[in-house]
Amino acid sequence: MNSNAGSTMPSGSRVKRAAVVLHGRPDALGTGLAQLEAVAAREGVELLVAGDEAVSSGEVELAIVLGGDGTMLRALHRFLGTGIPVIGVNFGRVGFLSAIPKGDLEVGVERVFRGELEVVELATLEVEIGGERFVAVNDAVVTSGELGRMVEIEWSVGGEDFGRVPCDGLICATPSGSTAYNLSNGGPVLMWGLDAMALTFVAPHDLRARPFVLPRGHDLVVWNRTAAVDCAVLVDGHRIADCGPGGQVSIGLGAERSLLGTLPDATFVRRYRQSFGSS
C-alpha cells in the first residue's frame with residue numbers, strides 16, 4: 001500500500017465476488033469478457049453484472065471495468081459511497097484511469113483476484129446551482145451556452161473577489177480529472193492523493209487569468225455576468241443545468257471520495273508517461 005492509498009480490503013485478501021461494468025459498445029471488447037470469465041472461473045470468483053441486486057446491496061468486493069475512461073467514470077459514479085473500489089482494463093483510447101492494458105487482461109485480473117489490489121482515494125467535487133447539488137468525479141465546467149459566444153465570468157475563492165474574466169468558460173478539476181479537459185487547456189496536473197482542485201480558464205481574454213490550485217475549504221463561486229448569454233454547467237461531461245445572466249454556481253471539494261483500484265506497478269507516473277507520451 002503506498003502513502004496515497006487506503007484500501008477497503010485487507011492487504012493480500014483474495015476476491016470472492018466482483019461486479020462487472022462493460023463498455024457501451026460490446027463489439028469493442030472482442031474476447032475480453034470471455035477472458036475475464038475464464039480467469040474468474042479458474043480463481044473461484046463469482047462475477048455479477050452491475051445491475052444485479054447483490055451489487056446494489058454492496059455484496060461485492062470490487063468492480064472490474066472493461067472499457068475506456070468514459071466507462072471508468074460511469075463506474076466510479078455508480079459505486080460512489082458504497083465502499084467498492086473500481087479497477088479498469090483498458091479497452092478505450094487513452095485509458096489513464098485503467099490499471100490493466102487489455103493485452104494483459106488475464107495476468108492483471110489474476111493478480112487482482114489474488115489480493116494485489118491497491119485502492120487510491122480520489123477527491124470529488126460538489127457542485128451547487130439553483131438549490132440542487134451534484135457530485136463530479138472528474139470535473140465541473142461553466143462554459144458559454146451558445147457556440148461561438150464568449151461569456152463574462154465573475155469569480156471568488158473563499159469569499160474573496162477575483163474580478164471578472166471574459167472567456168469561453170472555466171474548468172474546475174479533481175486530481176483524477178486534471179489530466180482530462182483541464183490538461184488540454186494548459187491546466188496543472190494534480191497527482192493522485194492531493195486533496196485539491198484545479199481551476200483553469202478556457203480561452204481567457206485577460207492576461208491575469210492564470211490556473212489556480214485550491215485546497216479544501218476554499219470554495220469557488222462563479223457568477224454569469226454576461227448580458228444575454230446563458231452559461232452551461234457540465235458535470236463530468238453532462239450538461240446538468242443552465243446559469244442565466246446573474247446566476248451563480250458554487251463548486252468545492254466534496255465529502256465523498258471515489259475509490260480507484262490499481263496494481264502496485266501501475267503508478268501515476270507510469271500511467272502518465274504511457275498515456276501522454278512523456279519521455
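Everything numeric in this text was worked out from a predicted model, so none of it was measured.

Visitor: I'm lost on the pairing of strand β17 (residues 248-262) in this one. Help?
Guide: The two faces of a sheet get side chains in turn, since along a regular strand they alternate between them. Examined bridge by bridge, strand β6 (residues 118-129) and β17 share ten bridges and lie antiparallel to one another. Opposite Ala123, over in β17, you have Arg257 as the bridge partner. With four bridges joining them, strand β14 (residues 220-224) and β17 adopt antiparallel strand pairing. Bridging across to β17, Trp223 finds its partner in Gln248.

Visitor: Explanation requested: the packing of aromatic side chains in the structure shown.
Guide: A ring pair, where both rings are aromatic, is described by two values, the distance of the centres and the angle of the planes. Taken as a whole, this structure holds ten aromatic pairs when the rule is applied. By way of ring pairs, the aromatic residues Phe96, Trp192, Phe268, Tyr272 and Phe276 are connected into one cluster.

Visitor: For this particular structure, what's the right way to read the sheet that holds strand β16 (residues 238-243)?
Guide: Hydrogen bonds between backbone groups are what pair the strands of a sheet, and the pairing can be parallel or antiparallel. With antiparallel pairing, the six strands of this open sheet are ordered in space as β13-β12-β11-β8-β15-β16. If you trace the sheet from one side to the other, it starts and ends with β13 (212-215) and β16, each paired once. Strand-to-strand twist of the sheet, defined as the mean angle between neighbouring strand axes without regard to direction, takes the value 20°. The pairing of strand β15 (residues 231-235) with β16 spans five bridges and is classified as antiparallel. Residue pairing across strands places Ala232 opposite Asp242, the latter belonging to β16.

Visitor: Is there a simple way to explain the pattern of salt bridges in this structure?
Guide: Under the defined criterion, the tally for this structure stands at 17 salt bridges. Between Glu46 and Arg17 there is a salt bridge; the shortest N-O distance is 3.1 Å. Within this pair, whereas Glu46 is found in strand β2 (residues 46-49), its partner Arg17 is found in strand β1 (residues 17-22), the two being separated by 29 residues in sequence. Sharing partners across several salt bridges, the network here consists of Arg14, Glu43, Glu110 and Arg114.

Visitor: Explain the packing of helix α1 (residues 32-43) against helix α4 (residues 105-116) here, please?
Guide: Packed helix pairs are specified by the crossing angle of their axes together with the interaxial distance, meaning the distance between the axes. At a minimum axis distance of 10 Å, the contact between α1 and α4 shows a crossing angle of 40°. Between α1 and α4 lies a crossing of right-handed hand. Judged by residue contacts, Gly32, Gln35, Leu36, Val39, Ala40, Arg42 and Glu43 of α1 engage Leu105, Glu106, Val109, Glu110, Phe113 and Arg114 from α4. Counted by class, the contact of α1 with α4 contains six nonpolar, two polar and five charged residues.

Visitor: What is the right way to read the side chain of Thr174 from this model?
Guide: Within the secondary structure, Thr174 is located in the loop between β11 (169-173) and α5 (181-184). Here Gly177 takes part through its backbone nitrogen, which lies 3.0 Å from a polar atom of the side chain of Thr174. Ignoring sequence-local partners within four residues, the contact set of Thr174 consists of Ala123, Thr124, Leu125, Ala136, Val137, Asn138, Leu190 and Ala196.

Visitor: Sorry, what's going on with the nonpolar core here?
Guide: In this structure, Trp155, Leu220 and Ile251 are the most contacted members of the largest nonpolar core, which totals 32 residues. Aside from chain neighbours lying at most four places away, what touches Leu220 is Trp155, Ser156, Val157, Leu170, Met197, Leu199, Val249, Ser250 and Ile251. Counting residues in hydrophobic clusters, the runner-up holds 25 residues, among them Ala18, Ala40, Leu105 and Ala266.

Visitor: Explanation requested: the confidence of the model for the chain in the structure shown.
Guide: Interpretation of this model should avoid reading the predicted coordinates in detail wherever pLDDT is low. Taken as a whole, the chain shows an average pLDDT of 90; of its residues, 92% reach a score of 70 or greater. Within the model, the stretch residues 1-11 combines pLDDT values under 50 with 21 contacts to residues more than four positions away or in other chains.

Visitor: Looking at this structure, how should I read α1?
Guide: Side chains that are three or four residues apart share a direction in an α-helix, a result of its 3.6 residues per turn. With twelve residues, α1 should reach 16 Å at 1.5 Å per residue; the first-to-last C-alpha distance of 17 Å fits that figure. As for α1, its buried residues are in contact with β1, β2, β3 (62-67) and α4. Following α1 by one or two positions, Gly44 adopts a phi angle in the positive range, close to 70°.

Visitor: Could you clarify how one ought to interpret the environment of Leu73 in this entry?
Guide: Tracing the chain through its elements places Leu73 in helix α3 (residues 69-78). With 196 residues separating them along the chain, Leu73 and Val269 place their C-alpha atoms 20 Å apart. When neighbours within four sequence positions are excluded, Leu73 is seen to be in contact with Leu97, Val137 and Asn138.

Visitor: Sorry, what's going on with α4 here?
Guide: Between its terminal C-alpha atoms α4 stretches only 14 Å, short of the 16 Å expected from twelve residues at 1.5 Å a residue. If you check which residues of α4 are buried, you get Leu105, Gly108, Val109, Val112, Phe113 and Gly115. On its buried face, α4 is in contact with β1, α1, β2, β3, β4 (86-90) and β5 (100-101).

Visitor: Would you take a moment to explain a nonpolar patch on the surface for this structure?
Guide: Among the surface-exposed residues, Met191, Leu194 and Val269 lie close enough to one another that they form a single nonpolar patch of about 260 Å² accessible area. In this fold, Val269 is placed in helix α6 (residues 268-276).

Visitor: Explain the environment of Glu154 to me, please; I cannot follow it from the model alone.
Guide: Considering the arrangement of structural elements, one finds Glu154 in strand β9 (residues 151-157). Beyond its immediate chain neighbours, meaning those up to four positions away, Glu154 contacts Asp161, Gly163, Arg164, Val221, Val222, Trp223 and Arg225. At a separation of 2.6 Å, a polar atom in the side chain of Glu154 contacts the side chain of Arg225.

So, how was this worked out
Residues numbered from 1 in each chain as written. Predicted model: local features only at pLDDT ≥ 70, side-chain atom pairs only at ≥ 80, totals over all residues. Heavy atoms only, no water. Pairing = 2+ DSSP bridges. Helix = DSSP H or I, 4+ residues; strand = E, 2+ residues; numbered from the N terminus. Phe/Tyr/Trp six-rings, centres within 6.5 Å; stacked < 30°, edge-to-face > 60°. Axes fitted to C-alpha atoms, helices over the stretch in contact; angles between N-to-C directions. Salt bridge = Lys/Arg side-chain N within 4 Å of Asp/Glu carboxyl O. Left-handed = near helix turned anticlockwise from the far one by under 90°. Contact = heavy atoms within 4.5 Å. Nonpolar A, V, L, I, M, F, W, Y, C, P; charged D, E, K, R; others polar. Polar contact = N/O pair within 3.5 Å; in protein donor to acceptor, adjacent residues only side chain to side chain. Core = buried A, V, L, I, M, F, W, Y, C linked by side-chain atoms within 4.5 Å. Buried < 20%, exposed > 50% of the residue type's maximum accessible area, 1.4 Å probe, protein only. pLDDT = per-residue confidence, 0-100. Expected span 1.5 Å × (residues − 1). Patch = residues over 30% accessible without salt bridge, like charges linked within 9 Å, V, L, I, M, F, W, Y side chains within 5 Å. Areas by Shrake-Rupley, 256 points an atom, 1.4 Å probe, with all protein chains shown as cover.

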